[in-house]
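An overview of the molecular structure
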Amino acid sequence: MEEGSEEETCTPSLCYINGHTGFRGSIKNSARDFVVIEVNVNGQLVHSLENMCQISKCSEDYVNETIKNRKVARSLEDEHYAEKEIVMPPYNNDIQTFQTVDIAGACEESLDLDFVLDTSVNEELTQYAMTIRLCPGSSVDEKVRSTELSLGTYPDKNQRASVHRAVRHKFPFLMTLTNNCEILVKEDPHYNMLAQLVSEEESEDFFRFLDDKVQRSTFTFKPDNDKEHRKAVHHFVNKHFGKLVETKSFAAVDSGGPPNTAITVRFREKKMLPKKRKATDYQEDDTIYTAFTLQKENLETLEAISYMASAFGVLPSDFTYAGIKDKRAITYQSMVVKKVSLQRLREMCPEFQNKGIYLHHTHPVSQPLRLGGLQGNHFDIIVRDLRKHSDDDDTTDLQQLVQEALENVKSKGFVNYYGPQRFGTGQTIQADQIGLALLKEDMVLAVKLFFTPEENSDPQNKAKRHFLQTEDAKESLALMPEFKVRERMMLRALNRYGVGHEGCIRGWLSLPHGMRVLYIHAYCSRVWNEAASFRLQQFGEEVVKGDLVWSTDMSKESTVLRHNQVHVVTAEEESGKIYKLSQVILPLPGNSVKYPDNEVGDWYQKRFAEDGLQSCRFRVTPLKLNIPGCYRPLLSYPRNLTHQFLEDCPGVISEQSLLPHSKSSSTSLALSFDLDSSCYATVCLREIMKCDP
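These numbers were taken from a predicted model, which means no experiment stands behind them. (Residues numbered from 1 in each chain as written. Predicted model: local features only at pLDDT ≥ 70, side-chain atom pairs only at ≥ 80, totals over all residues. Heavy atoms only, no water.)

Moving on, we come to unusual backbone geometry. In the Ramachandran plot, K577 falls in the positive-phi region, its phi being about 50° despite a non-glycine side chain. Unlike most non-glycine residues, F618 shows phi in positive territory, near 55°.

Further remarks concern the confidence of the model for the protein. Of all residues in the protein, 78% attain a pLDDT of 70 or more, and the chain-wide mean is 80. Predicted confidence is poor over residues 5–12, with pLDDT under 50, and the contacts of this stretch with residues over four places away or in other chains come to twelve contacts. A low-confidence stretch, residues 553–561 stays under pLDDT 50, and its non-local contacts, those more than four residues away or across chains, total twelve contacts. (pLDDT = per-residue confidence, 0-100. Contact = heavy atoms within 4.5 Å.)

Before going further, it helps to spend a moment on helix α14 (residues 443–450). All buried positions along α14 are accounted for by M443, A446, V447, L449 and F450. Viewed along the axis of α14, the buried residues span an arc of 160°, placing them on a single side of the element. Along its buried surface, α14 packs onto α13 (431–439), α15 (459–470), α17 (485–497), α18 (501–509), α19 (513–539) and β20 (619–620). (Buried < 20%, exposed > 50% of the residue type's maximum accessible area, 1.4 Å probe, protein only. Helix = DSSP H or I, 4+ residues; strand = E, 2+ residues; numbered from the N terminus. Arc of directions from axis to C-beta.)

A few words on the environment of L345. Relative to the assigned elements, L345 resides in helix α11 (residues 342–353). Separated by 53 residues in the primary sequence, L345 and F292 have C-alpha atoms spaced 9.0 Å apart. Beyond its immediate sequence surroundings of up to four residues, L345 is in contact with T290, A291, F292, F312, V337, V340, L359 and T362.

Moving on: the side chain of N626. With respect to the helices and strands, N626 occurs in strand β21 (residues 625–626). A distance of 3.5 Å separates the side chain of N626 from the side chain of N179, its partner in a polar contact. (Polar contact = N/O pair within 3.5 Å; in protein donor to acceptor, adjacent residues only side chain to side chain.)

Here we come to the packing of aromatic side chains. Tallied over the entire structure, the rule returns 31 aromatic pairs. Here Y595 and Y604 contribute two aromatic rings whose centre-to-centre distance is 4.9 Å and whose plane-to-plane angle is 55°, an arrangement assigned as tilted. Ring-pair connections join several aromatic residues into one group, and the members of that group are F171, F173, Y191, F206, F207, F209, F219, F221, F236, F241 and F267. If you follow R506 out to its NZ or CZ, it ends over the ring of Y497, 4.4 Å from the centre. (Phe/Tyr/Trp six-rings, centres within 6.5 Å; stacked < 30°, edge-to-face > 60°. Lys NZ or Arg CZ within 6 Å of the ring centre and 35° of its normal.)

Read from one edge to the other, the open sheet built from three strands follows the order β5-β7-β6, with strand pairing classed as antiparallel. With partners counted over all chains shown, the strands left at the sheet margins are β5 (149–153) and β6 (174–179), one partner each. Sheet twist, expressed as the mean angle between neighbouring strand axes with direction ignored, is 20°. With four bridges connecting them, β5 and strand β7 (residues 182–187) associate as antiparallel partners. Residue pairing for β7: S150 is matched across the bridge by L184. Sitting on the sheet, helix α5 (residues 157–170) touches β5, β6 and β7, and the angle it makes with β6 is about 165°. (Pairing = 2+ DSSP bridges. Axes fitted to C-alpha atoms, helices over the stretch in contact; angles between N-to-C directions.)

Tallied over the entire structure, the rule returns 25 salt bridges. Among the charged side chains, a salt-bridge network with shared partners connects E204, D205 and R208. (Salt bridge = Lys/Arg side-chain N within 4 Å of Asp/Glu carboxyl O.)

The buried fraction of β7 amounts to six of the six residues, a majority that puts the element mostly inside the structure. Where β6 folds back on β7, the antiparallel hairpin that results is connected by two residues, among which N180 adopts a positive phi of roughly 50°.

With twelve residues, α11 should reach 16 Å at 1.5 Å per residue; the first-to-last C-alpha distance of 17 Å fits that figure. Turning to α11, its buried residues number three or more, namely L342, L345, M348, C349 and F352. Taken around the axis of α11, the buried residues stretch over an arc of 145°, which confines them to a single face. In α11, the exposed positions angled more than 90 degrees off the buried face are occupied by Q343 and P350. (Expected span 1.5 Å × (residues − 1).)

Further remarks concern the sheet that holds strand β17 (residues 548–550). Sheet strands associate in pairs through backbone hydrogen bonding, adopting either a parallel or an antiparallel arrangement. Pairing in this open sheet of four strands is antiparallel, and the strands run β18-β17-β19-β22 from one edge to the other. The open sheet has two free edges, formed respectively by β18 (566–568) and β22 (630–633), since each of these has just one partner strand. Going across the sheet, the axis of each strand differs from the next one's by a mean of 50°, ignoring polarity. With two bridges connecting them, β17 and strand β19 (residues 584–588) associate as antiparallel partners. Among the inter-strand pairings, L548 is bridged to a residue of β19, identified as I585. With respect to the sheet, α19 is in contact with β19 and β22, its orientation differing from that of β19 by roughly 145°.

Turning next to the packing of helix α12 (residues 398–412) against helix α22 (residues 681–689). Pairs of packed helices are described in terms of their axes, by the angle between the two and the distance that separates them. One can describe the packing of α12 onto α22 by two numbers: an axis separation of 8 Å at closest approach and a directional angle of 125°. Accordingly, the angle class assigned to the pair α12 and α22 is oblique. Between α12 and α22 lies a crossing whose hand is right-handed. Side by side, α12 and α22 meet where A405, L406 and V409 of the first sit next to C684, E687 and I688 of the second. Taken together, the residues that form the contact of α12 with α22 break down as five nonpolar, no polar and one charged. (Parallel < 35°, antiparallel > 145°, perpendicular 65-115°, else oblique. Left-handed = near helix turned anticlockwise from the far one by under 90°. Nonpolar A, V, L, I, M, F, W, Y, C, P; charged D, E, K, R; others polar.)

Remember that side chains alternate between the two faces of the sheet whenever the strand is regular. Along strand β25 (residues 667–676), nine of the ten residues are buried, which leaves the element largely enclosed by surrounding structure. Where strand β15 (residues 376–387) lies against β25, eight bridges are found, and the strand directions are antiparallel. Bridged to N377 within β25 is L675. Note: strand β24 (residues 639–647) against β25, seven bridges, orientation antiparallel.

Time to look at the side chain of E182. Counting through the fold element by element, E182 comes out in strand β7. One buried charged residue, E182, forms no salt bridge at all, with the nearest opposite charge on R619 at 7.0 Å. A distance of 3.2 Å separates a polar atom in the side chain of E182 from a polar atom in the side chain of S592. Residues contacting E182, with those up to four places away along its chain left out, are S150, G152, T153, L177, S592 and P628. (Lys, Arg positive; Asp, Glu negative; His and termini not counted.)

Before going further, it helps to examine the state of the cysteines. Throughout the structure, instances matching the rule amount to zero disulfides. Left unpaired, C679 is separated from the closest cysteine sulfur, that of C684, by 9.2 Å. (Disulfide = S-S within 2.5 Å.)

Put into structure tokens, the structure is as follows:
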């Protein structure tokens, strides 16, 4: 196991997994030297023109037919439309939101937990629920009450709806939440409050009544002649569920007995849509989604989105994409925008080109993209100024060094580090430092770090310097260039709300969720990189007791990620060498991951303690950020790796410049390969070359 040297990298703890010599060279001399093309879920390069016309035609026909059918159906069923409207579950006050649940489509089978959950998950949920229900006041109970149980990740919306409803029907005292397709369960504080006013049975029945959302249905509490007690129940229901239901006390006389008064709850009447609906109503219901391939040059993905959102008059969150792409490169990626028509998108194409933004293959689609919805990326890279590490080495042929390096990385892979672009290359303050401040909820410090200028005196750094010196957001905004979208959004909010703690919270909230969470992800990525280095330095290439691996029944096609699919290596498995290093995974920090059960797990906890995050739950509630965490393979492997030697020339490489047998040191190397999503080509190159490219 080798380590990078101080001269080679700014993070000397990063390791190498291969023993070849490597070579030197430089990348990204121009944007054309680094081309990234997204590989979609079907394994196709998104920039390919093949079949795009046919796809566009089919998509357009499909969307038009769908919209037509919806309008016909709604015109026929207008009087029942309001009753079929999807309703958000009422009792969720946390920062996450439920997925919408279509109760009309639910069936009795969907309420059976044995049907909607795996056996092991169902058992874990039952144990969790019983601990909360049967151990009031115990230390175990308090520990469970302060934690959330993850039921796994469910990308399919209908499947999530079934899980939500089944869990709450079986255990009304629990509440379910969705965060990035992961379903979390925790104790419902509202249930406990009601259970102190009425019986457990009534509380359960009331919450099932709320969850069923059957219009025109009612729920009646047991008769209660205590006026003050009824008043407390009225107050509770109206305070927490008043937007959904209304309450009223009714007196009833039993035969031969005194009069009894009981509280009846019913759902509020929904406003019916007018029979003659406006065109805007149809437009709102039949949301337009337009897909395109985004080609950008020397531009961040989020910067491109911000610019396009401003031009179209929509929100940056109306754009969805599968992943973030490099800035210093020519990149191609799929993207979908909401509420922008195909015609409008095409009209704006010429204006975007002035910003290095090109839109290809525009066509209508029926739904947005999902983050992570890609197989990976294809890279075409030119490494220029190819040479040996040592100028004194006359015994080894340069091409031989290259060939050896490529073969080694093909077979043994590379350490799956996050690349420097994850943290911000060449910046005084890197993204992970801002992320750490956000995790500590030190909003003022995070803003100051965000506006820390570089040494040069270009306009944006002058504006940043002015803000730190004067705290005058208005003047700093006037100095900030238009293309610095992130900084300008922040300054506008600070100018409006002030630069104190609350103002800084507003400043961060002014940024789209994807931008805010990137900083915390950068911190988690930094920790993962250091954990990977510690793991390799501590145990080398052996798989040892306490390491985490995917369970043997885990397949790449699995759509649900759960703890029971992460296996902890036993002592017997270590001695029997059951697993290989390529199967080892490490957790990216978060609130829903388990850590290795060996020195690596201890290292994580010490690392968090050093950063003052001993009690961090990886939630930043003021910024509506939740970090569940995930697992990342320790090693990664390039696919379809090919290479050619090229004659150094400043222009575009031509076929005549190919020199397959050149031994000259004044050549360039053209590399082509594919990587899985979230893997970095610069990290792969680092392993190949044995230095930072």
